[in-house]
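Chain and residue survey
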Amino acid sequence: MKADPAVQKRLLDLAEVDAELNRATHRRRTLPELAEITTAEQELRTRKDAVVAVETTLADLDRDAKRLDTEIDQVRAREARDRTLLNSADAKRSVDLQHELETLARRRGILEDESLELMERREAVEMDVQHARAQEGLAQEKLADAQRRRDEAFADLETIEARSGDRRKTVLAGLPSDLVTLYERIRAKGGTGAALLKARRCGACRLELDRIAMSKLKEAAPDEVARCEECGAILVRTAESGL
């Protein structure tokens, strides 16, 4: 393939643009914020589960406390009724009522002790709930911060990609189609389309050309499109090439 040396040199501008686009694509995939977000999301799920767990425990304690309060009220109501009956009961009935009142008093004492213990447990669990909610809030803030920084980075990358895309169109407009086709075919294989041959070294694979390869390049016409024998990139020859 033939191409004017000046035209071949413009391939370097195209390769530079593509390298910038590749860097942007790589950065988009490997932003540290992406890993931070994944970690923060996992932490937030863990914190949410912790909140649900302690809130469930608190709800269970509230249910038990309500049950105890109901039982205590029932016992007190029974005691009040027995005291009323005691005022008008005969001797035998009085003994039975007095015995029942003692039994009810013991039962009420047990229930009140359980209720007090439950209240103390509830206070501790309520503190756990507040702490769990605070930790959940911190996890949400951490996630939001990472997402904000990710979005800012993406916005910067979009600006770079848009600018580079416009520049690429401009460069392509001044290149012959057959040369562009060759360049794109090389890039499609995962390589660099074109690179400067500088001081006997390929700018794409960074390998130094041997004497045989350099001799072939010296003998090639200036408009001959040369390729690196190692990586296949189009070698753009200039005064820096060491020929």
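Attention in this report is confined to the structure presented alongside it. These numbers were taken from a predicted model, which means no experiment stands behind them. (Residues numbered from 1 in each chain as written. Predicted model: local features only at pLDDT ≥ 70, side-chain atom pairs only at ≥ 80, totals over all residues. Heavy atoms only, no water.)

**Examining the overall build of the protein**
What the protein contains, in helices and strands, is five helices and four strands. Relative to a compact globule of 243 residues, whose C-alpha radius of gyration would be 18 Å, the protein shows 42 Å and is clearly more extended. With the C-alpha coordinates aligned to their principal axes, the bounding extent of the protein is approximately 135 × 35 × 25 Å. Classification of the 243 residues of the protein by burial places 29% in the buried group. Contacts in the protein between residues at least 24 apart in sequence constitute 74% of all its contacts with a sequence separation of at least 6. Carbon together with sulfur atoms contributes 51% to the accessible area of the protein, which is approximately 15,300 Å² in total. Counting 45 positive and 50 negative side-chain charges, the protein places the averaged centre of each group 8 Å from the other. (Helix = DSSP H or I, 4+ residues; strand = E, 2+ residues; numbered from the N terminus. Rg over C-alpha atoms; globule rule 2.2 N^0.38 Å. Buried < 20%, exposed > 50% of the residue type's maximum accessible area, 1.4 Å probe, protein only. Contact = heavy atoms within 4.5 Å. Areas by Shrake-Rupley, 256 points an atom, 1.4 Å probe, with all protein chains shown as cover. Lys, Arg positive; Asp, Glu negative; His and termini not counted. Charge placed at Lys NZ, Arg CZ, Asp CG, Glu CD.)

**Here we look at unusual backbone geometry**
The phi dihedral of alanine 199 is positive, around 50 degrees, even though this residue is not glycine. Among the secondary structure elements, alanine 199 is positioned in the loop between strand S1 (194–198) and strand S2 (201–202). Given the relative accessible area of 52%, alanine 199 is considered exposed. Within the chain, arginine 200 stands out as a residue other than glycine whose phi angle is a positive 70 degrees.

**Structural notes on the pairing of S1**
Pairing of S1 with strand S4 (residues 234–237), which is carried by four bridges, proceeds in the parallel orientation. Bridged to alanine 195 within S4 is leucine 235. Examined bridge by bridge, S1 and S2 share two bridges and lie antiparallel to one another. The residue of S2 that forms the bridge with leucine 197 is cysteine 202. (Pairing = 2+ DSSP bridges.)

**A closer look at the layout of surface pockets**
In this structure, the largest pocket encloses a volume near 300 Å³. For the largest pocket, the lining is made up of 18 residues, of which Ala15, Glu16, Ala19, Thr192 and Ala194 are closest to its centre. The set of elements that each furnish at least two residues to the lining of the largest pocket consists of helix H1 (5–30), helix H4 (177–188) and S1. Among the elements that line the lining of the largest pocket, the one with the most residues is H1, at eight residues. (1 Å grid on protein atoms, 1.4 Å probe; cavity = no way out; pocket = protein on both sides within 12 Å on 5 of 7 lines; lining within 4 Å. Points joined across faces, edges and corners; volume = space filled by probe spheres on them.)

**Topic: the packing of helix H2 (residues 32–88) against helix H3 (residues 91–173)**
Running from N to C, H2 and H3 point in directions that differ by 165 degrees, and their axes come no closer than 6 Å. Here H2 is positioned roughly antiparallel relative to H3, judged by the angle of their axes. Crossing of H2 against H3: the hand is left-handed. When grouped by side-chain class, the residues that make up the contact of H2 with H3 number 28 nonpolar, seven polar and 32 charged. (Axes fitted to C-alpha atoms, helices over the stretch in contact; angles between N-to-C directions. Parallel < 35°, antiparallel > 145°, perpendicular 65-115°, else oblique. Left-handed = near helix turned anticlockwise from the far one by under 90°. Nonpolar A, V, L, I, M, F, W, Y, C, P; charged D, E, K, R; others polar.)

**As for the packing of aromatic side chains**
One pass over the full model with this rule turns up zero aromatic pairs. Of note, arginine 28 hangs over the ring of phenylalanine 154, and the distance from its end group to the ring centre comes to 5.0 Å. (Phe/Tyr/Trp six-rings, centres within 6.5 Å; stacked < 30°, edge-to-face > 60°. Lys NZ or Arg CZ within 6 Å of the ring centre and 35° of its normal.)

**Points about the side chain of serine 164**
With respect to the helices and strands, serine 164 occurs in helix H3. Exposure remark for serine 164: the relative accessible area of 1% places this residue in the buried category. Setting aside its immediate chain neighbours within four residues, serine 164 contacts Val17, Glu20 and Leu21.

**A short note on the nonpolar core**
Counting residues in hydrophobic clusters, the biggest one holds 15 residues, and the most contacted among them are Leu11, Leu14, Leu175, Leu179, Tyr183, Val225 and Ile234. Looking at this core, the elements with two or more residues in it are H1 and H4. At five residues, H4 tops the list of elements feeding residues into this core. With residues near it in sequence (within four places) discarded, isoleucine 234 still touches Leu11, Leu179, Leu182, Tyr183, Ile186, Gly193, Ala194, Ala195, Val225, Ala226 and Arg227. Counting residues in hydrophobic clusters, the runner-up holds 13 residues, among them Leu68, Leu111, Leu118 and Val129. (Core = buried A, V, L, I, M, F, W, Y, C linked by side-chain atoms within 4.5 Å.)

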